[in-house]
Every structure is written in structure tokens, then in C-alpha cells.
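So the chains spell out like this:
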Amino acid sequence: MNKPLRLDQVGEASPTPEELVARARALIPTLRERAKLGESGRQIPPETIADFKEAGLFRVLQPKRWGGYEMHPNVFFDIVMALGEGDMSSAWVYSVVAVHPWQIACYDERAQQEVWGEDDSTLASSTYMPGGKATPVEGGFRFSGRWGYSSGSAHCKWVLLGGMILNPDGQPTQGTFLLPRSDYEIVDAWDTPGLRGTGSDDIVVNDVFVPDYRVMSGMGGFLCEHPGHAVNDGALYRLPYGQVFCRAVSTPAIGALQGMIDQMQETAKTRANLFGMRTTQDPIATLAIAEAQNEVDQLKLILQRNFDVLWSYAERRELPPVELRSQYRFQASLPPERVSIAAARLFKAVGGAAVYNKNPYGRIMNDIMVGRQHIANQFEIYGRGWGSVLMGQENKDYFL
């Protein structure tokens, strides 16, 4: 078995959080230039994945023992938001692919070895919808199914797939099955009005064997108890699974709204309406941009506060209380809704310039709207759940 090496053992020092965020911000102009290429090709260009790898961005949540940086989640989400200013599709693919090293680190050491043993830059995609049929057999499961929405799958050599398994008490729970590229087919199915560059194609699996050490229990994610803790025991890997993953699909929208704000500021330098009023003096536009910028600020503050609190529990090896987790789960689902409202007001305030494809407003709007459709971003569901807990009812959601 190959022995993992730490970065300091191979002569490379880990970058600081500030350096990593600066590297992400340096990519914003390039991502803006490539956005149309990703949109037309329905995949972000492989050059973008290469740029992310070269900048070390995929290693933020990866264990140090596997060449990663093992950083606080707020560093990761700062990178996601920065990339979103350039192109939400690129930020989305980065976010949902770069969050997977965190989850893989929670698997049995044998699974980690299979993914990273020969190449610690190996990437995995996912689709967690419980579409898999898992039949228990000796040593694991026979597994089949079809899943949609596997963002960035063309750039990955492994996939994490949802399926139902039984807890020790005999009750069914959702599990996550980890499969190599040889065990599944990618089917071109992604043709949408927004997030076109994410390449969120279908995954098909036809009766393959998945060893039990490559299956993660959903209840383990709720209880923050994983086999991977035997080798990856830091606070990062003791965070609740639902809290980390759900933010991966809501945070890109915050960056996209900031990107629209930035574009509006640029447009306003030279634009005037048909009556000769400059956009910089238009009270509708100035109010819309102020409220949008305030929205970004509020959403960032809540995101960062929540993970600082969750981190403190993880450092003490304590489980956060259910009421707090219900609150944070709702707050994780809300950004795309809030962002879509602010973005719609900016789109209107820009006027006729917003309707031309040569300007990015329509693409950004569509990206935000499609991102909002993700099941994890349906804030009404999670708001009702939090409200029920506040009213003294028993929590029934374990994806917190």
C-alpha cells in the first residue's frame, strides 16, 4: 500500500488562506472570458479545471496526509464566492467537486487509498439523489441505477452516488456509494437555460459490486461519526455532513450576485437612459445596487458566523444542538432565493442593455435561477423544519 506524504515531506509548503483566495480572485477575468465557451459547450473548459489544480484550489478541504491543506471551511467558501464573480458555472463545478475530498476523507482508509493512492489530485463528482438500488451481498452490495445532475463529471475519475441502505437497527437510511470511472457511464443529458457550463450529466450504473468500505451511512453524517476518523481526526472532518454539502450548492450564487454588481458598476460608467439620465444618478439603479451589495454582505456574514460556530463544536468534539443545526440548514438554503430577488432588480435597473447576450446579465440571471432549483436550496422545506423545531416538535430531518 502506498504511504501518503504530507506536503512538507516533498518540499512544498502549504499556501496561506489569503494566498489561495488571491489565486482564485486572479482567475476572475479569465473565467469571465471563458463563460460563453462553457455555455455553448455545456461544459467548463478543461483549461479551467487545470487552472484550479495549478492554483491548489481543489486541495483546500483535502487531508494533509494526502497532499491537501485541510483548512477551515470559510477559506473554501471564500474561494467559491470569488470564482462566482467570474462565472457561476465554474464556481459551481469547483464547489461541488472540491467539497468531495472532505467527504472522501471520512471514508475508510482503504477507499481513500483507492482514490488518492496513485494520484492525490484525482477528482470525484457526485449526485446524491437516492436513485440507486443496493442489494446486500457478501462484503458489500450489488448496485444499479440512473442519476441526474452530476456536475463536472466529465473531469472526474470517481463518483459519489446516493442509494438506500439499512441502519444496524433495520431502519432504512440514505447512503453514499463511491465508484471508480470504470463502473459507471456518463450520459449527455444536460441542456438547460442556466448553469449550462456545469456539465451536470446523468450517471448510469448497471449491476456492479461496491465493497462495504466504499459506502457511507447518512446517519454517520448526522452523528459526525465516520471510519475515516481513524486517520483523519481533525476538526474539519467532524463537521456535520449536511451543513458542509448544502453550502456547496448555495454559495456560488452569492459570488454570482457580486459579479452582477461589479458588471453594473462598469456599465454605469458610460450608460444613460433614453431621457439622458446617467445610470450613476438613477435613483432606481442606485437603490437596487445598494440593496444587492447589502444582501451579499449579510449572506457572507451569516455563512462565516455559522461555520465559526460549527468549527468550535467540532474542535470540542461535541455535536451541535439540533435546533442550531435546523437554523443553519435553513440559512444554507436561503441564499439562492435572496440572490435571485436582488439579481432581478439589478437586471431591471440596468434597462435595455441587460437584454443583449454581449452583456452577461441574462446569463448570470439564468445561472442563479437554475441553481435555485436544487433540492438543497428549497428554503421553504427547511424553513418549515426549523419552525417545527422552534415550536417544540421532534426533528425529522437528518440531513442537517
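Above: the structure in question.
Analysis parameters
Residues numbered from 1 in each chain as written. Predicted model: local features only at pLDDT ≥ 70, side-chain atom pairs only at ≥ 80, totals over all residues. Heavy atoms only, no water. Axes fitted to C-alpha atoms, helices over the stretch in contact; angles between N-to-C directions. Helix = DSSP H or I, 4+ residues; strand = E, 2+ residues; numbered from the N terminus. Parallel < 35°, antiparallel > 145°, perpendicular 65-115°, else oblique. Left-handed = near helix turned anticlockwise from the far one by under 90°. Contact = heavy atoms within 4.5 Å. Nonpolar A, V, L, I, M, F, W, Y, C, P; charged D, E, K, R; others polar. 1 Å grid on protein atoms, 1.4 Å probe; cavity = no way out; pocket = protein on both sides within 12 Å on 5 of 7 lines; lining within 4 Å. Points joined across faces, edges and corners; volume = space filled by probe spheres on them. Phe/Tyr/Trp six-rings, centres within 6.5 Å; stacked < 30°, edge-to-face > 60°. Buried < 20%, exposed > 50% of the residue type's maximum accessible area, 1.4 Å probe, protein only. Lys NZ or Arg CZ within 6 Å of the ring centre and 35° of its normal. Core = buried A, V, L, I, M, F, W, Y, C linked by side-chain atoms within 4.5 Å.

Chemist: Give a detailed account of the packing of helix 5 (residues 88-98) against helix 10 (residues 251-268), specifying residues and quantitative values.
Modeler: Two elements in contact, helix 5 and helix 10, have axes separated by 9 Å at closest approach and are oriented at 155 degrees. Accordingly, the angle class assigned to the pair helix 5 and helix 10 is roughly antiparallel. The interaxial crossing formed by helix 5 with helix 10 has right-handed handedness. Mapping the contact onto sequence places M88, A91, W92 and S95 in helix 5 and P252, A253 and A256 in helix 10. Class assignment of the residues belonging to the contact of helix 5 with helix 10 gives a composition of six nonpolar, one polar and no charged.

Chemist: Pulling in residues and values, what's your account of the layout of surface pockets?
Modeler: Over the atoms, a rolled probe matching the size of one water molecule traces out where space is still vacant. Counted as a void, the largest pocket has a volume near 910 Å³. Forming the walls of the largest pocket are 40 residues, and the residues nearest its centre are Y128, M129, Q174, I375 and F399. Contributing elements (two or more residues each) for the lining of the largest pocket: helix 5, strand 1 (124-137), strand 2 (140-150), strand 4 (172-180), strand 7 (215-217), helix 8 (218-223), helix 9 (241-248) and helix 14 (361-372). If you add up the space inside the second largest pocket, you get close to 380 Å³. As for the second largest pocket, its lining consists of 27 residues, of which A35, N359, P360, R363 and I364 are closest to the centre. Those elements that provide at least two residues to the lining of the second largest pocket are helix 2 (28-41), helix 4 (73-86), helix 10 and helix 14.

Chemist: With reference to specific residues and values, describe the packing of aromatic side chains.
Modeler: Counting across every chain of the model gives 16 aromatic pairs. Measuring from ring centre to ring centre gives 4.0 Å for F143 and F177, while their planes differ by 10 degrees; the resulting arrangement is stacked. Of the two residues, F143 sits in strand 2 while F177 sits in strand 4, which places them 34 residues apart along the sequence. F143 gets classed as buried once you look at its relative accessible area, which sits at 0%. Between Y149 and W190 the ring centres are 6.3 Å apart and the planes differ by 80 degrees, which places this aromatic pair in the edge-to-face class. Of this pair, Y149 sits in strand 2 while W190 sits in the loop between strand 5 (185-187) and strand 6 (201-211), placing them 41 residues apart in sequence. Its relative accessible area of 57% is what places Y149 among the exposed residues. In textbook terms, an aromatic cluster arises when at least three aromatic residues are bridged by ring pairs, as seen for F52, F58, F76, F77, Y94 and F307. Over the aromatic face of F222 sits the side chain of R325, whose NZ or CZ is 4.3 Å from the ring centroid.

Chemist: Explain the nonpolar core to me, and be specific about the residues and the numbers.
Modeler: Membership of the largest hydrophobic core comes to 98 residues, with the highest contact counts inside it found for L57, I79, L83 and Y94. When residues in this core are grouped by element, the largest group, 12 residues, is from helix 11 (residues 283-315). Setting aside chain neighbours within four positions, we find I79 in contact with L20, V21, A24, L57, V60 and Y94. Membership of the second largest hydrophobic core comes to 15 residues, among which are F143, W147, V159 and V205.

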